[in-house]
Structure formats: structure tokens, C-alpha cells
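Per-entry structural report
The chain contents come next:
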Amino acid sequence: MYCPNPTCPQPRNAIGSQVCETCQTQLNYRYLWAMGSAASQIQPGQTVGNRYYVGAPQIWLDTKPAVPPTIPNSVTDAILPYLYLHPYRLHLPGVHGIYHLGAAHEGEEILLLDNIPVDARGSLLPSMVEVWPKTKTVRQVYWLWQMLQLWTPLSQQGTAYSLLVKDNIRTNGWRIRLMQLHQGKVQPTLKDLAEFWSAFIETAHDEVQKPLQEIYKLMQVSHPSLETITDKLNHILLQQAAQLPLHLAVAGHSDTGPVRSHNEDSCYPTKADLEQVDSYPNYQLIPHLSLVCDGVGGHDGGEVASQLAVKSIKPLMATFLAEITSQDGLTPPELIIDQLQEITRVVNNVISAQNNEQKRELRQRMGTTLVLALQLPQKLKTAQGSELKNAHELYIVNVGDSRAYWMTRDSCQALTVDDDVATREVKYGHSLYWEASQRRDAGALTQAVGTREAEFLRPTVQRFIIEEDGLLLLCSDGLSDNDWVEKSWAAYAPAVLQGEKSLESAVEGWVNLANTHNGHDNTSVVLTYCGVSPQKLILIDTAAKPSIPDEIESELTEASKALMYDEEESEKQPQPQSLGLKKWQQILLILGIAVLVIGGGLAIWFQVNRSTEPEPQKETVQRNLKNS
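Under an unreviewed UniProt entry, the name given to the chain is Protein phosphatase 2C domain-containing protein, and the organism recorded is Limnoraphis robusta CCNP1315.

**Section: the pattern of salt bridges**
Opposite charge on two side chains makes pairing possible when the charged atoms of those side chains draw close. Applying the stated criterion to the full structure yields 15 salt bridges. Put simply, glutamate 130 and arginine 170 hold a salt bridge, and the shortest N to O gap is 3.8 Å. Here glutamate 130 is found in helix H3 (residues 128-131), whereas its partner arginine 170 is found in strand E7 (residues 169-172), with 40 residues between them in sequence. Classification of arginine 170 by relative accessible area gives buried; the value is 10%. With a shortest N-O distance of 3.3 Å, arginine 139 and glutamate 468 are connected by a salt bridge. Residue arginine 139 is located in helix H4 (residues 137-156), and its partner glutamate 468 is located in the loop between strand E19 (460-465) and strand E20 (470-475); the two are separated by 329 residues in the primary sequence.

**Some thoughts on the sheet that holds strand E9 (residues 247-255)**
Here five strands make up an open sheet; going across it, the order is E9-E21-E20-E17-E18 and the pairing antiparallel. Either end of the sheet is taken by a strand with one partner, and the two such strands are E9 and strand E18 (412-414). With strand direction ignored, the average angle separating the axes of adjacent strands in the sheet is 15 degrees. Here E20 pairs with strand E21 (residues 523-531) via six bridges, running antiparallel. Across the sheet, residue leucine 472 finds its bridge partner in E21, namely threonine 528. Strands E9, strand E17 (403-407), E20 and E21 of the sheet are contacted by helix H16 (residues 503-517), whose axis makes an angle of about 150 degrees with E21.

**Remarks on the environment of lysine 64**
Here lysine 64 shows up in the loop between strand E4 (59-62) and helix H2 (80-84). Put simply, lysine 64 and methionine 1 are 63 residues apart on the chain and 6.7 Å apart in space, counted from C-alpha to C-alpha. Setting aside its immediate chain neighbours within four residues, lysine 64 contacts Tyr2, Asn50 and Arg51.

**Here's the deal with the nonpolar core**
Across soluble globular proteins, nonpolar side chains show a tendency to be buried alongside one another. If you look at the biggest cluster of nonpolar residues, it comprises 131 residues, and the most contacted ones within it are Met147, Trp197 and Leu340. Counting residues per element, this core draws most heavily on helix H9 (residues 302-325), at 13 residues. Excluding its chain neighbours within four sequence positions, the residues that come into contact with tryptophan 197 are Leu144, Met147, Leu148, Met219 and Leu233. Judged by nonpolar contacts, the second largest core, of 25 residues, contains Trp489, Ala493, Ala506 and Tyr529.

**Some thoughts on the packing of aromatic side chains**
Summed over the entire model, instances satisfying the criterion amount to nine aromatic pairs. Judged by centre distance (6.1 Å) and plane angle (80 degrees), the rings of tyrosine 52 and tyrosine 99 are edge-to-face. Residue tyrosine 52 is located in strand E3 (residues 52-56), and its partner tyrosine 99 is located in strand E5 (residues 94-100); the two are separated by 47 residues in the primary sequence. Since its relative accessible area comes to 4%, tyrosine 52 is described here as buried. Aromatic ring contacts, followed pair by pair, group Trp132, Trp143, Phe196 and Phe200 into a single cluster. The ring of tryptophan 145 has arginine 463 sitting right over it, with the charged end atom 4.8 Å from the ring centre. Note that lysine 487 overlies the ring of tryptophan 484, its terminal NZ or CZ placed 4.6 Å from the centroid.

**Things to note about the environment of leucine 244**
Tracing the backbone shows leucine 244 in the loop between helix H7 (226-242) and E9. Look at leucine 244 and you get partly exposed, because its relative accessible area is 26%. Remark: the alpha-carbon pair of leucine 244 and valine 138, spanning 106 residues in sequence, is separated by 9.3 Å. With near-sequence residues (within four places) excluded, leucine 244 lies in contact with Val138, His392, Glu467 and Val532.

**What about unusual backbone geometry?**
A cis amide bond links tyrosine 268 with the next residue in sequence, proline 269, at an omega value of -5 degrees. By the secondary structure assignment, proline 269 is in the loop between strand E10 (265-268) and helix H8 (271-275). For the bond from isoleucine 286 to proline 287, the omega torsion is 10 degrees, close enough to zero to count as cis. Mapping proline 287 onto the fold places it in the loop between H8 and strand E11 (289-296). With phi around 70 degrees, glutamine 58 is a residue other than glycine that occupies positive phi space. One can find glutamine 58 in the loop between E3 and E4. Note on glutamine 58: relative accessible area 14%, which makes it buried.

**Considerations on the sheet that holds strand E2 (residues 47-48)**
Spatial strand order, E2-E3-E4-E1-E6-E5: six strands in an open sheet with antiparallel pairing. Looking at which strands have only one partner, the edges of the open sheet turn out to be E2 and E5. As paired elements, strand E1 (residues 30-34) and E4 share four bridges and run antiparallel to each other. Residue arginine 30 lies in a different strand from E4, and its bridge partner there is aspartate 62.

Calculation notes
Residues numbered from 1 in each chain as written. Predicted model: local features only at pLDDT ≥ 70, side-chain atom pairs only at ≥ 80, totals over all residues. Heavy atoms only, no water. Salt bridge = Lys/Arg side-chain N within 4 Å of Asp/Glu carboxyl O. Helix = DSSP H or I, 4+ residues; strand = E, 2+ residues; numbered from the N terminus. Buried < 20%, exposed > 50% of the residue type's maximum accessible area, 1.4 Å probe, protein only. Pairing = 2+ DSSP bridges. Axes fitted to C-alpha atoms, helices over the stretch in contact; angles between N-to-C directions. Contact = heavy atoms within 4.5 Å. Core = buried A, V, L, I, M, F, W, Y, C linked by side-chain atoms within 4.5 Å. Phe/Tyr/Trp six-rings, centres within 6.5 Å; stacked < 30°, edge-to-face > 60°. Lys NZ or Arg CZ within 6 Å of the ring centre and 35° of its normal.

The structure is reproduced here in C-alpha cells:
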């Protein structure tokens, strides 16, 4: 293995070493799937092209991970589906590069896939067929649900056949992952999927076997309704999940960092929020809601946008939660996703209206990233008439490059995909990710809340089921930059999940790590414990004096005050543009306008302090938003 440090005098290391023997730099093990029959003929133990070590059939270890891979001259039809499906990287691989076999093989190209389902040693994760019989009931249904959610996007790219190849479907704990995409000659139907599921349904646990058989019959009719099938499978999934206990605890902190003079990040909840619980009349948000916002706009109001977003979202979410939990029946995921997107757009227009009122254009416009997690406690009635209090649904909303991660004792998974130029180039089919990531503007944002009108905003909303003990980490790029979450999670997550470390100390540890190893930006971290085990861990330090200082919201600069309200017409508040919403959505709009008044009160909490630091790199979002 070659050390990624370009200045290392002796970069060669034995395969298996975790750090460079010469300079102690951490070694990066990237395993790739080599597609095609030619690749399958290359025996394990060989080194291909003086770079790729074949550890197992078609599994190649890149021994020079810092060296750019070979990029194809053009994006072929075989590559395009991987690019278009880049937003589904939680389940699907991507194209890393190609390898030319040479004249002996008539110049055949081997497609090399990254993000493949292997463990840290390069061994394939188990197939769904292997582990199905010994998997708990809720996870069996969850796997089928995930396959059904992938059915439509894969069908649109002509690759739905990928879900009908047994060895292609691997499992990584709660999630399914595909080895590669298969483009069948004939587009499969839901009836074909039902036939593939039949063996799984026959061996499913007794409590779900009969309802799954009913779904199988629905998929067999001449014109099956995907909506009906999805609704019934969702009901089975939530019935199983709701029978599990659920313990939630949360801690968060936002830190200015060692370089910046003011904090453009905001998060919820902080220690202050936990000590003085928000008294919303509709619904108690803690511990169900958590969010992180990272302001863009530099001196021209990034800190205003992030704090206004947090303060706007809280009353909107309280009303939304009260509305959902008062329903007698389950609200479908599609409707919840639509409403969360509308809430995000209302908040967007609150900030955008401030920009318009102040005639702010291009780089002067303030905005913010957003990553939001909502544990939605929907109630569910069983066939016996009893009521289950929480269906264990978790919704993640993200705009920009603040991230969400899910961590267990033995894994860390990024749940979100950044809204940046590199991602845009890939999902539009323009280039491979490695190539796009080398652009000078690769990390520049293509979306932010508030910089433009809501009609241009495309919030990503995902839905998950909590069916194992885990930690949900939300953070700004002050921590996630340079892969520090992936590098550090094992030092924190297992200890918290074993009750050896509190949430607060883990949050503090990550903030300190970000300040030490990144240090160029503000950092916000919100950590939520989600436990389904019968025991309830003591995760919050209630008696000991916290090592993180109490959250004190930073003072607005003079430029930011001008964004929050017009000095000459401080009573006049801009109103968001109407989105033509239904009754419930109109309520959101009214609340959004009311939030402006709340936001105006922010000004009294800040000192007059104009920073002279350079504008942060994230301000390039303004140029890219305009160009895109």
C-alpha cells in the first residue's frame, strides 16, 4: 500500500498496515468491483497494472488511492445509469474509473466500481439470501421496503433487473446494497419482482408471512398498483417497528472555532434549549427534532440566515407534529415528505423575502445550508385494538452540504449527499465523481435555503426506520470536511452505545477534533441516541458541570442587522411569496410570516461587531446558484 502523503520519503507499506510506517499517515483502503467476464478470469493474489491487487475474484484493492484513476474518454451507455443514480449511493455503487486490459485482450476496458458492499478487509458482505432466515422480523420487511423504493428509479434507468439477481443483493445491517447494475434486455414488471420475492415470503417469520402473501397476490394481477402495494407494505413495516421500544436522547453544540470571529452556524437543540425546554403549545420538539444550519453570505448575513432558519422551523415543526400525531390513521410517507418540503420552502421564502426587501443580489444574498432530522412519533392501532405509541419513522431533510450520519457499534454510514458542483456534474451525467471532484469549484454549493425563491429549491427528504440501537449525527462541514467523521466515529459511537460515554462528552469531543484538525470554520454537532433495546442508557450528564460552555448566540454584525430589518422601516416585515398551498400549507405560510417577527428579536442578542476576516469559501455558492 502506498502512503497518500505526497511528501513521504518511503511511501511503500505492507498490505494490512493501517498507518504509514514512515510518516504515520493513515492509509486509505479502497476496494473496487471489476466488472465483466475478463476481470473474473484474473486470479486472486495478482497485481494488475502495477496498481490493483486482486484480493478475491473481481475485488481489486487500489494500492495507490491518491493517484487519479483512468477516466474514460466519453460517458458510455453502460456508465450513465450509475451517474444518474448517484443520489442513491446509500444502496448503489458508483463508477470510479476504468482499466485497459491491453492488446492481448483487444483493448477491453474493465469498469471499476467504488462504494461496493465489502467489509473493511475487502470481503463481500453477506447476500440477502444467506442471512434472511436468521434476520429479525422487522428487518425482513424493511429490506423488502427498500427494494420497492429502488424499483422506480432503477426502472427509469432500465436497470430494475438488478433487483432480481440474488447474488447482487447484499446486506449491510439494516440496509440493502447492490454489487452492480444489470441492464436487462426486457424491462421487468412488478409480477417479476413478486416471483423473486416468493422464496423470501415463504421463509419469512410467521407474524408477517400471511400479510406478505397478500401483497404477493396484489403484485400478480395484470395491472398492479404500485401505490397500493407500497401502502400495504408500509403498514406491515410500521406494525413491526412500533412493537419495539424506543428511547431517545439528544445533545448539541455550535462552536465559533479557532479562526472565525463570529459564528455563522446554528443548531438545535443546544444545552440551553435542553435546560429551558421550548414551550410550544402544540407539541414538544425535544427529543424528536434536531437540525444544523451553516450560513452562507459571509459578512452579509450568513449568521442571520442560519439563526432565522432555526427559529423559523421550530414553531412550524411543532404545529406539523401536532397535526400529524392527532390523526386517527397513519399519514403516508409521501404526504409527510411533501409537507416537509413545503416547510423548507416556507422558511426559504422568509429568508429570501429579507434579501429582496434589502435589494440584496448575487453574493450579497444571505442563505443557509440545512440538515434536519425528525423522529415522527405516529401512533398505530393493532388488529386487536391496542395502540402503539411510536412507529419509529425517521425523516432526514437536507439542502447544501451539512450532513447526517448513522452510526452503530461497528459501522458509520453517511445518509445524505451534498448539494455541490461535483454532485451536480455526476447526477446530470456529465462526468465521473473523481473527475468532478478535481474541479476548483467542486465543493461550491448548488443549493442553499434563502438565496433564491422557493420555486428553485429542491430539498431532499429521505425516510428511514429505527430498528436498531444507533446514533444519528448531524454536523456542519466544520467537522465533516476531510472525512473526519469517517476517520473518528469509532472513537465515540461504540462508547456512547455501551453507556461508557455521554452524548455531551461525544459532542464535545467532535467539536474539539474539528477545531484541531480542520479549524478553518465554525462547527455544529447534534447527536441523537436512538435505542430500541429494552434497557435505557444514562446518556446525558445532568449532575456534572458540562465541559462545553453554555450556548451564547453570537452578536449580529452591522451588515447582518441591515439584512434582518430595514433601519428606517423596522416595523415593516417582508412576506414570503404565496405558493398556492392547501389549507394545512396555508397555515405553514402564516406561521412563516409570523416567524419574521420572532427573527426580528434576534438583533437584541447581538453586539455590534464587524468582522474583518476573509470571506469564507462557501460564499462561492452565490456564483454557482446564479450559473446553475
